[in-house]
Amino acid sequence: MITGKAFAGKHYAVYGLARSGLATVEALLASGARVTAWDAKDEARSKAPAGTEIANLDEIDLAQFDSLVVTPGLPLNRHPIARRARKAGVEIIGDIELFARARPELPPHKVVGITGTNGKSTTTALVHHILQIAGVPSAMGGNIGLPILAQDPLPEGGVYVLELSSYQLDLTQSLDCDVAVLLNVTPDHLDRYENFEAYEASKWRLFQMQDEGLHLAVVTEPWPVRPEFEMGIPNVHIAWVDAETVFERQLNWPALKGPHNAQNAACAYAVARELGISDDTFEKACRTYPGLPHRMERIREKGGVAFVNDSKATNPTATAPALAAFERIRWICGGRAKTGSLDECAPHFGHVRKAYTIGEAGELFARLLSPHMDVAECVTLERAVVEAAAEAEAGDTVLLSPACASFDQFRDFEQRGNSFRELVEGL
């Protein structure tokens, strides 16, 4: 694990004992810190490492702690413990900030931080894969893979590749990335922010934490940059990346189809060049990149019909690239809607032969889509898969790309995608 002498002798409160919370507690204890932890679930508390003090942080005085470390999922804008911590003058941070504070004690290394509304996981995994192909020691963490504090320190010359959500950036104060990447920002998570501008600002903070004049910021274009953001990073070099630079090469990359993956790969290419990776190595890495589960994941082909799991597409902006990537689609969509429109998907409606709507948004989506295509209101994923498979012809793609959150019928998008896989395999 990653530890730090800077934590020794301090008293931390850790709120939430899921994976990142447990890793945080273990790293702090191993660093010589005192840790008081809490989770509302009895089962989670029972997994706390030996030496952890258990106390209900919703009730006790928070002023006794040096820092309150919370899970990124905790809504800072409305959770009572956030208000109580601010009133007590206690900083609220996350495990990424602890990693940032431990960095001076690690062997010399670099950090690549990747944020954006869509494409973070794919770009993070792709950069990690490129480094692995190049023989560079690397670790992947943040909002993907193992919690970063649970991983062993890299040797000298290693690169930490971190996927960073806006929630994680809100809890981070001093992560100075050698290369910072902003893929895109579209409306999402607006229940956590006062407005879209506040959400956008949380993403730009990744650049504002960079040490001025030393590092690279990668941003895709075209991009409507507002002056206040540029003023916040006056001496950091911004590399504007155009996805068109990789379109021709993309034909040889089986797991990186679609215009959105062109954007992801173009940003990964800018990162690779900054890290001294050769073009040949980059090309080899893109050809061999296996892809990620639930992100345009090809499950199987049956009778000339492809079945693709894009369950990670939890909003219309994320679904639009999948609709653009295939020409004859049986589209399974719906769930818990984040917006009341599908405008971002509309340019690609011509690729859809029929839509099969599910979940809470089924009726809404059927109403929006019926003027443009045939629609079946299927309610459940099982019925949608059965109907789409029965009606599909050779050359069609049965695509689960919901454009919705999963929480109406599933625990998360992973469970939804796994259910799709099981249904397809059972055909």
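Residues numbered from 1 in each chain as written. Predicted model: local features only at pLDDT ≥ 70, side-chain atom pairs only at ≥ 80, totals over all residues. Heavy atoms only, no water.

1. With respect to the nonpolar core
Put simply, the test is: Nonpolar cores are built from buried Ala, Val, Leu, Ile, Met, Phe, Trp, Tyr and Cys residues. Side-chain atoms within 4.5 Å join them into one set. For every residue, the accessible area (1.4 Å probe, protein chains only) is compared with the maximum for its type, and the residue is labelled buried under 20%, exposed over 50%, or partly exposed between those bounds. For helices the rule is a DSSP run of H or I covering at least 4 residues; for strands it is a run of E covering at least 2, with both sets numbered from the N terminus onward. Note on contacts: a residue pair qualifies if any of its non-hydrogen atoms lie within 4.5 Å across the two residues.
If you look at the biggest cluster of nonpolar residues, it comprises 46 residues, and the most contacted ones within it are Ile-2, Leu-28, Leu-98, Phe-99, Ile-148, Tyr-160 and Leu-175. For this core, the element with the most residues is helix α4 (residues 95–102), which contributes five residues. Those residues in contact with Leu-175 that lie beyond four places of it in its chain are Ile-96, Glu-97, Phe-99, Ala-100, Arg-103, Val-111, Leu-162, Leu-164 and Met-209. Core analysis: the second largest hydrophobic core is formed by 37 residues, Leu-183, Val-271, Ala-272 and Cys-286 among them.

2. Concerning α4
The buried fraction of α4 is high, at seven of eight residues. Of all the positions in α4, only Asp-95, Ile-96, Glu-97, Leu-98, Phe-99, Ala-100 and Ala-102 are classed as buried.

3. Here's the deal with the sheet that holds strand β14 (residues 329–334)
Backbone hydrogen bonds are what pair the strands of a sheet, in a parallel or an antiparallel way. Worth spelling out the cut-off: Pairing between two strands requires that DSSP report at least two bridges joining them. Axes, fitted as lines to C-alpha atoms, cover a helix only where it is in contact. Angles between the N-to-C directions of the axes lie from 0 to 180 degrees.
Strand order across the open sheet formed by six strands is β12-β13-β17-β14-β15-β16, with mixed pairing between neighbours. Two strands lie at the open edges of the sheet, namely β12 (297–302) and β16 (374–379), each paired on one side alone. Direction aside, the axes of adjacent strands within the sheet are offset by 20° on average. Pairing of β14 with strand β17 (residues 397–400), which is carried by four bridges, proceeds in the parallel orientation. Among the inter-strand pairings, Arg-330 is bridged to a residue of β17, identified as Val-398. Helix α13 (residues 381–391) contacts β13 (305–309), β14, β15 (352–358), β16 and β17 of the sheet and is inclined by roughly 160° relative to β15.

4. Regarding the pairing of β15
How we decide: Whether a crossover is right-handed depends on one test, that the path from the first strand over the helix to the second runs clockwise when the strands point away from the viewer.
Burial runs high along β15: six of the seven residues are buried. Of the pairings in the sheet, the one linking β15 to β16 comprises five bridges and is parallel in character. Following the sheet pairing, Ile-358 is matched in β16 by Val-379. Since β15 and β16 lie parallel, the crossover through helix α12 (residues 362–369) that links them has a hand, and here it is right-handed.

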